Amino acid sequence: MLREIATPGAGARGLVAPAVIGIVVVARLLLLPWLGLFNDEAYYWEWSRRLAPAYFDHPPLVAFALAASTRLLGDTALAVHLPAFLLSLLTSAVLFRLVLDLFPGRAELAWTSVAALNAAPLFGLGAVFTTPDAPLLSLWVATLALVWRAVHGRPRLWYLAGVAAGLGMLSKYTFALLPPAILLFLLQPRHRPWLARREPWIALAIMLALFAPVVAWNAAHGWTSFAFQSVDRFGGAFRPWRTVPRFLVAQQSVTPLLWIVCLGGLVRSARLGRAGSDAHALLAAASAVMLAFFAAASLFTYVNPNWFTPAFLTLVVAGADLLLRWRSPALRAAPLVLAAAVTLLMDVQALTPVVPIPPRTDLATDLHGWRAVGERLRALARTMPRPGRVFVYSHRLQLSALAAFHAGPGLEVTRLGGRRDDAYDDWARPRRGEDAIYFCDDQRYAPPREPFARCEPAGALPVTRGGRTVRTFHFWRCLGFEERRGAAASPRAPPPDAAATAARAGAGALSAASADGEGGGDRPPRARASATPGAAPPRSRPAPRSPPEPAARAEGASRGSPPASARRAGDPARAARWGAGRGRRAAGDPRSAAHAAGPAAPPAGAARGAAGARPTSGRAAAAPHAAEAARSAAAAPAADRGPAREAGPASGLRPSGAPGAGPTARNPE
């Protein structure tokens, strides 16, 4: 292999690929110390502080990688980025070795394949931001390399392939698509005898044994993670006219010219594989299975580019083999040079705006301003009446995770409310009487709606890049957290009758998966309710005091079905908390009425409100209706104050999909 590394190709033609690799890798290395944290990356850093066999979103391997890095280098941005960078180098090295195994003596093909991989913007993002895709890619290509060697004369490597596959399953559930691809490769007549031997099946058993802790965790948590990554993510309505174009655009994340070359290479590999080429048969199987799966999924849901990145590992080899058959040196170099130029431009854009992209479209917007947010949160915490009993929260897991990283260990940060479940639901929750700092940004502006005795604006923080404001954060002081009646004081100590309460709370609630989802799997529960015989008719609510649409959205969101994980039988405490809160709303609780009808000012007026608005009190807002609410609560039997109500005009609960209703489908978080 050293000889092939030293001799990439004949003449200057063979120097293009190594030059592309060197420039891109050095640029990443220089970028790492100055690069801010990506929002999902900060969320996985939160996992690394609470190691577990699995999490709501993914298996745990990325958390263990981040834990090792941050224990060694501290909680710094460089320590969080470093695993992605190192694993990208490992992926490149193993891919180089795999190509030499598939096509012995073709060093130029190996160099070109690795250059195409590193030049692609899709792989470039994953090489600096640590997500589950970083270990997934390394273990995907390592498993392929071991299987190839096992099939061609070293059968004991099947066992090592089983270990690599088990670790791959601990990286991301997407790895489950590789065993079917290997099976497709083994179904060729010349490899079919392997299906009668014990080595592949022992490898499969090893993979499943390593994955067993994730299965056990899911069993103990109501199968929430499996459901989220299967039914919740892919169970949308059939609307290909909306979702398929997104899938086609996502494929261009490797740059259009390089993607065309890869697709041409896939077609050629499939043809050569049927004609008897073992190497091309493996390339076609490993790429086609994943692309076919997500092509089918794109008929029902939005598919993000990183979901099918593993298929790109073998696509670049097939594409490079096709590319090297072109006679023109300029045409051979064009896809690599263009992709590398886009990747380098993205690296520069992450540090300073060189392309005038709108802030809401520019991915780099999320990387800036967080140090100032952390300083503002610490300063606000010092001004609270009880600084020792203060927590920070937002409605979005991405904001909460970044705030946790930049605010430091002295502040507890969590996520309350929001449009989807996540790992924060399994961690510590606030207790009665605690004070909080709530914050959001102008991209998804939403005032606090949680049950506090009082919330008041605490200012705004604009973030500027290149001399213009690209984002504004808004802050509130919230005093005296008030738990829902009948809810558990904290998930650390659920009440003994939580299961019974959960059963009553969820008896009439029905939830259905819907279409139209955004990547990242932010599928919220659908707001729907069914009738329960004998339920007391709910009182009509007063009209909202502020612009009707935001208030209606807040009301609809507050009355929805329980979170997806609460609907699983394995999490009665969360269902109990949801059911108790909804029971208060059904009974006309004044605090709940205040939050449901509270104002939701548009972002344009947020700064003015932060500067001079009077403190708002949920109890004061609900005072005119408190007596009526109390009479309604007294008249309704306790068992009839549960969540089951007929969705319609009589109940005041809009059916899902009605104008002004809460989030009904996969409205992206």
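Look up a bit, the structure's there.
Residues numbered from 1 in each chain as written. Predicted model: local features only at pLDDT ≥ 70, side-chain atom pairs only at ≥ 80, totals over all residues. Heavy atoms only, no water.

### Notes on the packing of aromatic side chains
What describes a pair of aromatic rings is the distance from one ring centre to the other and the angle between the planes of the rings. Throughout the structure, instances matching the rule amount to 37 aromatic pairs. When the centroid spacing of 4.3 Å and the interplanar angle of 10° are considered together, the rings of Trp 47 and Tyr 55 count as stacked. Classification of Trp 47 as buried rests on a relative accessible area of 0%. According to the relative accessible area criterion, Tyr 55 is buried, its value standing at 2%. With centroids separated by 6.4 Å and ring planes inclined at 80°, the aromatic side chains of Trp 370 and Phe 439 adopt a geometry described as edge-to-face. Residue Trp 370 is located in helix α18 (residues 370–383), and its partner Phe 439 is located in strand β3 (residues 435–441); the two are separated by 69 residues in the primary sequence. (Phe/Tyr/Trp six-rings, centres within 6.5 Å; stacked < 30°, edge-to-face > 60°. Buried < 20%, exposed > 50% of the residue type's maximum accessible area, 1.4 Å probe, protein only. Helix = DSSP H or I, 4+ residues; strand = E, 2+ residues; numbered from the N terminus.)

### Quick notes on the sheet that holds strand β1 (residues 390–394)
Taken together, the five strands give an open sheet; going across it, the order is β2-β1-β3-β5-β4, and neighbouring strands pair in mixed fashion. Strands at the two margins of the open sheet, each flanked by one partner only, are β2 (412–415) and β4 (452–465). Each strand of the sheet is rotated relative to its neighbour by a mean of 25°, with strand direction disregarded. Sheet analysis places β1 next to β2, joined by four bridges and oriented parallel. (Pairing = 2+ DSSP bridges. Axes fitted to C-alpha atoms, helices over the stretch in contact; angles between N-to-C directions.)

### Side note on the pattern of salt bridges
On inspection of all chains with the given rule, the structure shows 16 salt bridges. Across the pair Lys 172 and Asp 133 runs a salt bridge whose closest N-O atoms are separated by 2.7 Å. With a gap of 39 residues between them, Lys 172 in the loop between α9 (157–169) and α10 (178–186) and Asp 133 in helix α8 (residues 133–151) connect regions that are remote in the sequence. By relative accessible area, which is 7% here, Lys 172 ends up buried. Residue classification places Asp 133 among the buried residues on the basis of a relative accessible area of 9%. Ionic pairing is found between Arg 386 and Asp 435, a salt bridge with its closest N-O pair at 2.9 Å. You can see Arg 386 sitting in the loop between α18 and β1 and its partner Asp 435 sitting in strand β3, a full 49 residues away along the chain. Looking at Asp 435, the relative accessible area reads 2%, which means it is buried. One continuous salt-bridge network, built from bridges that share partners, spans Glu 46, Arg 49 and Arg 50. (Salt bridge = Lys/Arg side-chain N within 4 Å of Asp/Glu carboxyl O.)

### Some details on the packing of α8 against α10
Where α8 contacts α10, the two axes come as close as 11 Å, and the packing angle between them is 25°. As the angle between them shows, α8 and α10 are arranged roughly parallel. Every pair of crossing elements has a handedness; the one defined by α8 and α10 is right-handed. Of the residues in α10, those touching α8 at Trp 140, Thr 143, Leu 144, Val 147, Trp 148 and Val 151 are Leu 178, Ile 182, Phe 185 and Leu 186. (Parallel < 35°, antiparallel > 145°, perpendicular 65-115°, else oblique. Left-handed = near helix turned anticlockwise from the far one by under 90°. Contact = heavy atoms within 4.5 Å.)

### Some details on α18
Here α18 contains 14 residues, and its C-alpha end-to-end distance of 20 Å stays within 8% of the 20 Å for a straight helix at 1.5 Å per residue. Buried within α18 are the following residues: Trp 370, Val 373, Gly 374, Leu 377, Leu 380 and Ala 381. For α18, the angular spread of buried residues about the axis comes to 130°, placing them on one side. Across from the buried face of α18, at angles greater than 90 degrees, the exposed residues are Arg 371 and Arg 382. (Expected span 1.5 Å × (residues − 1). Arc of directions from axis to C-beta.)

### What to know about the state of the cysteines
Summed over the entire model, instances satisfying the criterion amount to one disulfide. Residue Cys 455 pairs covalently with Cys 478 via a disulfide, S to S 2.4 Å. Here Cys 455 and Cys 478 share a disulfide; its torsion about the S-S bond, 120°, makes the bridge right-handed. One end of the pair, Cys 455, is in strand β4; the other, Cys 478, is in strand β5 (residues 468–481), and 23 residues separate them in sequence. Residue Cys 455 shares its accessibility class with Cys 478, and that shared class is buried. (Disulfide = S-S within 2.5 Å.)

### So, the pairing of β1
Extensive coverage of β1 is indicated by the burial of five of its five residues. Here β1 shows a buried face lined by Val 390, Val 392 and Ser 394 and a second buried face lined by Phe 391 and Tyr 393. Relative to β3, β1 is paired through four bridges, and the arrangement is parallel. Counted as the bridge partner of Val 392 is Ile 437 from β3. Regarding the hand of the β-α-β motif, the stretch spanning β1, helix α19 (residues 397–407) and β2 is right-handed. (Right-handed = clockwise from strand over helix to strand, strands pointing away.)

### Quick notes on the side chain of Thr 365
Here Thr 365 is to be found in the loop between α17 (329–351) and α18. Beyond its immediate chain neighbours, meaning those up to four positions away, Thr 365 contacts Pro 359, Gln 443, Arg 465, Val 470 and Arg 471.

### Description of the packing of helix α2 (residues 16–31) against helix α6 (residues 107–119)
α6 packs onto α2 with a crossing angle of 35° between their chain directions and a minimal axis gap of 8 Å. Here α2 runs over α6; the crossing is left-handed. Packed against α2, whose contacting residues are Ala 17, Pro 18, Val 20, Ile 21, Val 24, Val 25 and Arg 28, the element α6 presents Trp 111, Thr 112, Val 114, Ala 115, Asn 118 and Ala 119 at the interface. Among the residues forming the contact of α2 with α6, the class breakdown is 10 nonpolar, two polar and one charged. (Nonpolar A, V, L, I, M, F, W, Y, C, P; charged D, E, K, R; others polar.)

### Regarding a nonpolar patch on the surface
A cluster of nonpolar side chains, namely Leu 125, Leu 257, Leu 338, Val 342, Met 346 and Leu 363, defines an oily patch on the protein surface of about 450 Å² accessible area. For the nonpolar patch, the element with the most residues is α17, which contributes three residues. Structurally, Leu 338 can be placed in helix α17. Classification of Leu 338 by relative accessible area gives partly exposed; the value is 40%. (Patch = residues over 30% accessible without salt bridge, like charges linked within 9 Å, V, L, I, M, F, W, Y side chains within 5 Å. Areas by Shrake-Rupley, 256 points an atom, 1.4 Å probe, with all protein chains shown as cover.)

### Comments concerning the pairing of β4
With 11 bridges connecting them, β4 and β5 associate as antiparallel partners. Across the sheet, residue Thr 464 finds its bridge partner in β5, namely Thr 469. Linking two consecutive strands that pair antiparallel, namely β4 and β5, is a turn of two residues; a positive phi of about 60° is found at Gly 466 within it.

### Brief notes about the environment of Leu 266
With respect to the element layout, Leu 266 can be found in helix α14 (residues 256–274). The exposure class assigned to Leu 266 is buried, which follows from its relative accessible area of 15%. Sequence separation between Leu 266 and Val 316 is 50 residues, and the spatial gap between their C-alpha atoms is 9.0 Å.

These results come straight from atomic positions and should not be treated as a statement about function.
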